[in-house]
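Coordinate inspection notes
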Amino acid sequence: MAIVELGDARIAFDEFGTGDPVLLLHGFPATRALWSQVAPRLAEAGYWVLAPDLVGYGESESAPGVGVGMGNQARWMLTLLERFGIRRTALVAHDVGTAAAQLMLVRAPERIRALVLMDGVYGSEWAMEAVASIQSWEPEQAARLVPVLTRRLGKTMREILAAYEGEEGGRRLIRAARDLDPSETADVLEELKHRRVPALVLWGDRDPFFPVDKVARPLADLLGAELRVFPGGHFLPLDAAESVSSALCAFLAKEGQ
């Protein structure tokens with residue numbers, strides 16, 4: 001793990017390999033550990049992989065009073081690219097991290113050479129009903145949050161959710177949930193449609209939060225992207241790491257030609 005200071009944010013990240021850059025963005029309630037099985041495979045294929053914790057998630061922090069919604073995440077991630085001298089990157093995102101990715105593309109299309117979205121948002125479809133109980137969770141009971149989430153989301157998420165154990169970790173997760181705002185991508189669909197960056201959409205066939213037909217297909221159609229559906233649930237980089245990695249490597253190699 002390494003740390004970079006970006007003014008109003010402190011970002012923890014993992015770095016793998018050398019070559020063309022690939023930025024990996026997780027979603028809620030994850031951390032950069034979501035990519036633990038995917039990032040090394042990309043590095044082995046010849047890519048320079050950056051996997052940060054979104055600000056306010058995992059080991060990344062914002063300055064007091066600064067919100068950690070996806071609009072600010074997009075700003076911080078573009079600044080992170082500047083800090084590393086990356087002019088153009090492939091961008092891979094999951095869950096609400098796809099909102100940050102879409103905003104990055106709208107704001108700075110020249111910085112994104114290829115886009116991969118995975119089990120994520122479309123317009124104002126953010127599956128907010130799934131986080132409503134966390135948004136309303138009493139901060140005084142924050143230490144109880146991770147055990148409940150672990151039972152709800154399954155053992156594959158246990159290692160990732162460990163970053164939010166205890167009272168302080170639970171409070172950070174509650175704050176992150178309360179800063180989620182579907183209005184941030186509600187009006188960007190037309191702009192996304194006209195960007196026409198090379199894109200790929202990957203999805204789990206059993207995603208209980210973002211159904212394939214309701215979210216994945218219209219998102220792929222909007223982007224003019226191929227849609228690939230794999231056996232798995234919402235957390236596809238964990239459920240189908242080998243398939244996801246192979247699809248990413250094939251797509252990135254093709255678009256790098």
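Scope of this entry: the structure provided in the associated data block. These numbers were taken from a predicted model, which means no experiment stands behind them.

1. Some details on the overall build of the protein chain
Helix and strand counts for the protein chain come out as twelve helices and nine strands. Here the protein chain has a C-alpha radius of gyration of 17 Å; the compact-globule value for 257 residues is 18 Å, and the two agree. Across its three principal axes, the protein chain shows a C-alpha extent of roughly 55 × 40 × 35 Å. A buried classification covers 57% of the 257 residues belonging to the protein chain. When contacts within the protein chain are restricted to residue pairs at least 6 apart in sequence, those whose partners lie at least 24 apart make up 77%. Accessible area for the protein chain stands at about 10,600 Å²; split by element, carbon and sulfur atoms hold 46% of it. The protein chain carries 27 positive and 35 negative side-chain charges, and their two centres are separated by 1 Å.

2. Focus: the nonpolar core
One broad rule of soluble globular proteins: the nonpolar side chains tend to lie buried together. Ranked by internal contacts, the top residues of the largest apolar core, which has 104 residues, are Leu25, Phe28, Met104 and Leu202. In this view, Phe28 contacts Tyr57, Asp95, Val96, Val131, Ile134, Leu173, Ala176, Ala177 and Leu180; residues no more than four positions away in its chain are not counted.

3. Considering the pattern of salt bridges
Within this structure, the stated rule accounts for eleven salt bridges. The salt bridge partner of Glu82 is Arg111, with a shortest N-O separation of 3.8 Å. You can see Glu82 sitting in helix 2 (residues 70–83) and its partner Arg111 sitting in the loop between helix 3 (97–107) and strand 7 (112–120), a full 29 residues away along the chain. With relative accessibility at 14%, the residue Arg111 sits in the buried group.

4. Side note on the packing of helix 2 against helix 3
Here helix 2 crosses helix 3 at 60°, and the two axes come no closer than 8 Å. Every pair of crossing elements has a handedness; the one defined by helix 2 and helix 3 is right-handed. Residues Met70, Gly71, Gln73, Ala74, Arg75, Met77, Leu78 and Leu81 of helix 2 pack against Ala99, Ala100, Leu103, Met104 and Arg107 of helix 3. For the contact of helix 2 with helix 3, a count of residues per class yields nine nonpolar, two polar and two charged.

Calculation notes
- Residues numbered from 1 in each chain as written.
- Predicted model: local features only at pLDDT ≥ 70, side-chain atom pairs only at ≥ 80, totals over all residues.
- Heavy atoms only, no water.
- Helix = DSSP H or I, 4+ residues; strand = E, 2+ residues; numbered from the N terminus.
- Rg over C-alpha atoms; globule rule 2.2 N^0.38 Å.
- Buried < 20%, exposed > 50% of the residue type's maximum accessible area, 1.4 Å probe, protein only.
- Contact = heavy atoms within 4.5 Å.
- Areas by Shrake-Rupley, 256 points an atom, 1.4 Å probe, with all protein chains shown as cover.
- Lys, Arg positive; Asp, Glu negative; His and termini not counted.
- Charge placed at Lys NZ, Arg CZ, Asp CG, Glu CD.
- Core = buried A, V, L, I, M, F, W, Y, C linked by side-chain atoms within 4.5 Å.
- Salt bridge = Lys/Arg side-chain N within 4 Å of Asp/Glu carboxyl O.
- Axes fitted to C-alpha atoms, helices over the stretch in contact; angles between N-to-C directions.
- Left-handed = near helix turned anticlockwise from the far one by under 90°.
- Nonpolar A, V, L, I, M, F, W, Y, C, P; charged D, E, K, R; others polar.

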